[in-house]
Amino acid sequence: MVTEPTPPPDGDTYFLNMGPQHPSMHGVLRLLLELRGEQIVSAEPIIGYAHRAHEKMAENRNYLMFLPNTSRIDYLSGMIYNFAWCEAMERMNGIEVPERALYIRTIAAELNRISSHLLWFGTFLLDLGGVTPFLYCFDDREAILDLLDTVTGSRLTYCYGRFGGVTMDVDATFVAGTHAFLARLRDRLPDYKRLVRDNPIFRERCEGVGAIGPEVAFDYGVTGPCLRAAGVAYDVRRAEPYCIYDRFEFDIPTASNGDSLDRFDVRVREIEESARIIDQALAGLPEGPIMPAKPKKRFKPAAGELYYAVESARGHFGTYVVSDGSETPVRVKLRTPSFSNLSSMPEVLRDTMIADTIAIVGSVDVVMPEIDR
Amino acid sequence: MSDEVTVTEAAYQGPAADLGLAFVAADFALTGFHWRVAAQPAELPGLAERFRRARYSLEMQTAEDRRPDLGVLRLVTTFARFAVVGDRAGVDRHMVVVDLEPGATAPSLCGHYPAANWMEREIFDMFGVHFTGHPDLKRILLPDDSDFHALLKDFGRMDGTGTEHGASAEAAHGD
């Protein structure tokens, strides 16, 4: 039995910088922690180290030229961001997307979501001191990267979408490879449960740690698995279905405590739900073109505003575009989920122990380039 | 967008109906929001209070530098609520547009939504808009010692052209 350390008297606090180069901190996040003993009195996330001015770049180039930027916003689920920009542009320009391309997009986006969750799974366990799961998860993730590589030509920063479709068609090899991957993944998930979820050390580190309740989530605009772990069944794919998500059957996994363990459970179940969606999309994949017969070459959307939301691997990603009728946007705002999720940390980390900080921040699954943009 | 339908105030039944603002219905399939309203800066807190009471989230706050074409800095705020009834879900999104004279301040929404804290800091950082009542208005993405607001149009372009100042520190604006 470990005895609780005796905290020093009131007022006796000190500051500790965790990050931006801390080995367990996710990317270049700096947490300025005020501590009393090992207890966090206040925590301030300091961000901006990976700011690349994506929104400024968007104003300096035409709509099509901004496309490669999109998968660099969140490099772990770049496919979803890439398609979000394409779909926003298709809406603004009134472009019809062929059925086959919509199915391919769904398959690619959900594969990307699984790979993002797998990477999180592995690195989260690594943060907690479990090295083995990392190797298994990366092995599985590697299979996805290989699959997507064959059709997109990239492994991470995909630029697979085009305004009106996708760049390359999928072939029978890809379809068979995806089936094989899903079968293998479903075989692996029970192993993960035995190896990780049933492990008492893992549960001790996560259970009741870093709870984000529905009220805090509402206050700060927390979305994605963090919100669903708090019991709120909000998923953009269901709330305002985009692409063809209204055609598929899938559940929105939720939990009730909102702690690190619940966030873990929700993500693992989301992997299964994504696999379900991919199964249905593969079964329904129609023949046909992947781009409109006569793709437009210049894009001049009518003057106006558009808000386009998608469910990224981390939550509600909104693209706000203002057009003045020219070839260059007046303004592009990228409302990224990790930004809002991280903004709740001062509230969530207060009065927790410093040893739990990594478990809490890790379980929120922040991607710094997405926050800093 | 162009095919917006102007409706009478009475037709709007949303949470901010009692404010008497001219809400305009938008085609969600084209714009991604259901209602759009142009408000005065002083009307923002009242709107936020009503949306919060009706359980709308503060989804996004941002700004546009519309000085070249409209002569204003435009604040854009979206409030959204989603409801789940059985297996069906739906979203209701309001867009609030507030035009500020260059140099004017805006009231902070931090008292209504903690989410506003970081979003308003970002607007201050990128556009130099001051929010009165913000507990800790400071830069968030750009370096603390920056003397510019990068998303203003006269800051220049990424390649350093497009303005008489170029992308130099002299392009500082706002504060």
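Residues numbered from 1 in each chain as written. Chains lettered and ligands numbered in written order. Predicted model: local features only at pLDDT ≥ 70, side-chain atom pairs only at ≥ 80, totals over all residues.

**Q** In this structure, what is going on with the overall build of chain A? I would like to understand it.
**A** Along chain A, the regular secondary structure elements total 15 helices and eight strands. By the compact-globule yardstick of 21 Å for 373 residues, chain A fits well, its C-alpha radius of gyration being 21 Å. Dimensions along the principal axes, computed over C-alpha positions, put chain A at roughly 75 × 50 × 30 Å. Buried positions account for 51% of the 373 residues belonging to chain A. Nonlocal contacts in chain A, meaning residues at least 24 apart in sequence, comprise 71% of its contacts between residues at least 6 apart. (Helix = DSSP H or I, 4+ residues; strand = E, 2+ residues; numbered from the N terminus. Rg over C-alpha atoms; globule rule 2.2 N^0.38 Å. Buried ≥ 20, exposed ≤ 12 C-beta atoms within 10 Å, placed from the backbone. Contact = placed C-beta atoms within 7 Å.)

**Q** How should the overall build of chain B be read in this particular structure?
**A** Broken down by element type, chain B carries three helices and seven strands. Helices (α) and strands (β) of chain B occur, in sequence order from the N terminus, as β-α-β-α-β-β-β-β-α-β. Relative to its 175 residues, chain B shows a buried fraction of 42%.

**Q** Can you walk me through helix α5 (residues 132-152) of chain A in this structure?
**A** Since there are 3.6 residues in each turn of an α-helix, residues three or four apart along the chain are aligned in direction. Residue and element names in this part refer to chain A. For α5, which comprises 21 residues, the first-to-last C-alpha distance of 30 Å matches the rise-based estimate of 30 Å (1.5 Å per residue) to within 8%. When we look at burial in α5, the residues that qualify are Pro-133, Cys-137, Asp-140, Ala-143, Ile-144, Leu-147, Leu-148, Val-151 and Thr-152. Projected onto a plane normal to the axis of α5, the buried residues spread over an arc of 155° and lie on a single side. The exposed residues of α5 that point more than 90 degrees off its buried face are Thr-132, Leu-135 and Asp-146. Check the buried side of α5 and you find it contacts α4 (99-127) and α6 (172-197). (Expected span 1.5 Å × (residues − 1). Arc of directions from axis to C-beta.)

**Q** So what exactly am I meant to see when it comes to the sheet that holds strand β7 (residues 315-323) of chain A here?
**A** Within a beta sheet, neighbouring strands are joined by backbone hydrogen bonds and run either parallel or antiparallel to one another. Residue and element names in this part refer to chain A. Pairing is antiparallel in the open sheet, where three strands are placed in the order β6-β7-β8. Each edge of the open sheet is held by one strand with a lone partner, namely β6 (304-312) and β8 (331-335). Sheet twist, expressed as the average angle between the axes of neighbouring strands with direction ignored, equals 10°. Where β6 and β7 come together, nine bridges link them in antiparallel fashion. Residue pairing in the sheet places Val-310 in a bridge with Phe-317 of β7. Sitting on the sheet, helix α3 (residues 78-93) touches β6 and β7, and the angle it makes with β6 is about 150°. (Pairing = 2+ DSSP bridges. Axes fitted to C-alpha atoms, helices over the stretch in contact; angles between N-to-C directions.)

**Q** Whenever I open this one, the sheet that holds strand β3 (residues 39-46) of chain A confuses me. Can you help?
**A** All names here are of chain A. Within the open sheet, the three strands sit side by side as β1-β2-β3. Their pairing is antiparallel. Of all strands in the sheet, those bounded by a partner on one side alone are β1 (14-18) and β3. Taking the axes of each pair of neighbouring strands and ignoring which way they run, one obtains an average angle of 20° across the sheet. The sheet contact formed by β1 and strand β2 (residues 30-36) spans five bridges and is antiparallel. The residue bridging Phe-15 from the neighbouring strand is Glu-34, located in β2.

**Q** Sorry, what's going on with the interface of chain A and chain B here?
**A** Reports often express the size of an interface as the amount of accessible area lost when the parts come together. If you look at the interface, chain A gives 37 residues, while chain B gives 33 residues. Contributing elements (two or more residues each) for the side of chain A that touches chain B: α1 (54-59), α8 (214-220), α10 (236-239), β6, β7, β8 and α12 (337-343) of chain A. Top element by residues in the side of chain A that touches chain B is β6(A). It accounts for six residues. Taken together, the residues of the side of chain A that touches chain B sort by class into 17 nonpolar, eight polar and 12 charged. (Nonpolar A, V, L, I, M, F, W, Y, C, P; charged D, E, K, R; others polar.)

**Q** Teacher, can you tell me more about the pairing of β8(A) here?
**A** Each regular strand shows side chains that alternate between the opposite faces of the sheet. Residue and element names in this part refer to chain A. Summarising burial for β8: five of the five residues are buried, a large majority. Where burial is concerned, the two faces of β8 agree: the one with Arg-331, Lys-333 and Arg-335 and the one with Val-332 and Leu-334 are both buried. Where β7 lies against β8, five bridges are found, and the strand directions are antiparallel. Opposite Thr-319, over in β8, you have Leu-334 as the bridge partner.

**Q** What should I look at first to understand the nonpolar core in this one?
**A** Burial of nonpolar side chains together is a common tendency in soluble globular proteins. All names here are of chain A. Grouped together as the largest cluster of nonpolar side chains are 151 residues, with contacts concentrated most on Ala-84 and Ala-217. With 15 residues, the top contributor of residues to this core is α4. When residues no more than four places from it in sequence are discounted, the contact partners of Ala-217 are Ile-212, Val-222, Cys-226, Leu-227, Ala-230 and Val-232. (Core = buried A, V, L, I, M, F, W, Y, C linked by C-beta atoms within 7 Å.)

**Q** Even after reading the chapter, I still don't get the packing of α5(A) against α6(A), so can you show me in this structure?
**A** Packed helix pairs are specified by the crossing angle of their axes together with the interaxial distance, meaning the distance between the axes. Residue and element names in this part refer to chain A. Where α5 meets α6, the closest approach of the two axes is 11 Å, and the angle between their N-to-C directions is 165°. Taken together, the axes of α5 and α6 are roughly antiparallel relative to one another. Classified by chirality, the crossing of α6 by α5 is left-handed. Between α5, through Pro-133, Tyr-136, Asp-140, Ala-143, Ile-144, Leu-147, Thr-150 and Val-151, and α6, the contact on the second element is made entirely by Phe-174, Gly-177, Thr-178, Phe-181, Leu-185, Arg-188, Tyr-192, Leu-195 and Val-196. For the contact of α5 with α6, the class distribution of residues is 12 nonpolar, three polar and two charged. (Parallel < 35°, antiparallel > 145°, perpendicular 65-115°, else oblique. Left-handed = near helix turned anticlockwise from the far one by under 90°.)

**Q** Even after reading the chapter, I still don't get the confidence of the model for chain B, so can you show me in this structure?
**A** Segments scoring low in pLDDT should not have their predicted coordinates read at a detailed level. With 81% of its residues at a pLDDT of at least 70, chain B reaches an overall mean of 81. Predicted confidence for residues 164-175 of chain B stays below pLDDT 50, and this span has 26 contacts to residues more than four positions away or in other chains. (pLDDT = per-residue confidence, 0-100.)

**Q** Sorry if this is basic, but what is going on with unusual backbone geometry here?
**A** Of note, A:Asp365 is a non-glycine position whose phi angle comes to about 60°, a positive value. Looking at the element boundaries, A:Asp365 is found in the loop between α14 (354-364) and α15 (368-372). Backbone geometry at B:Arg55 places phi at a positive 65°, although glycine is not the residue there. Relative to the elements of secondary structure, B:Arg55 occurs in the loop between α2 (44-53) and β3 (57-66).

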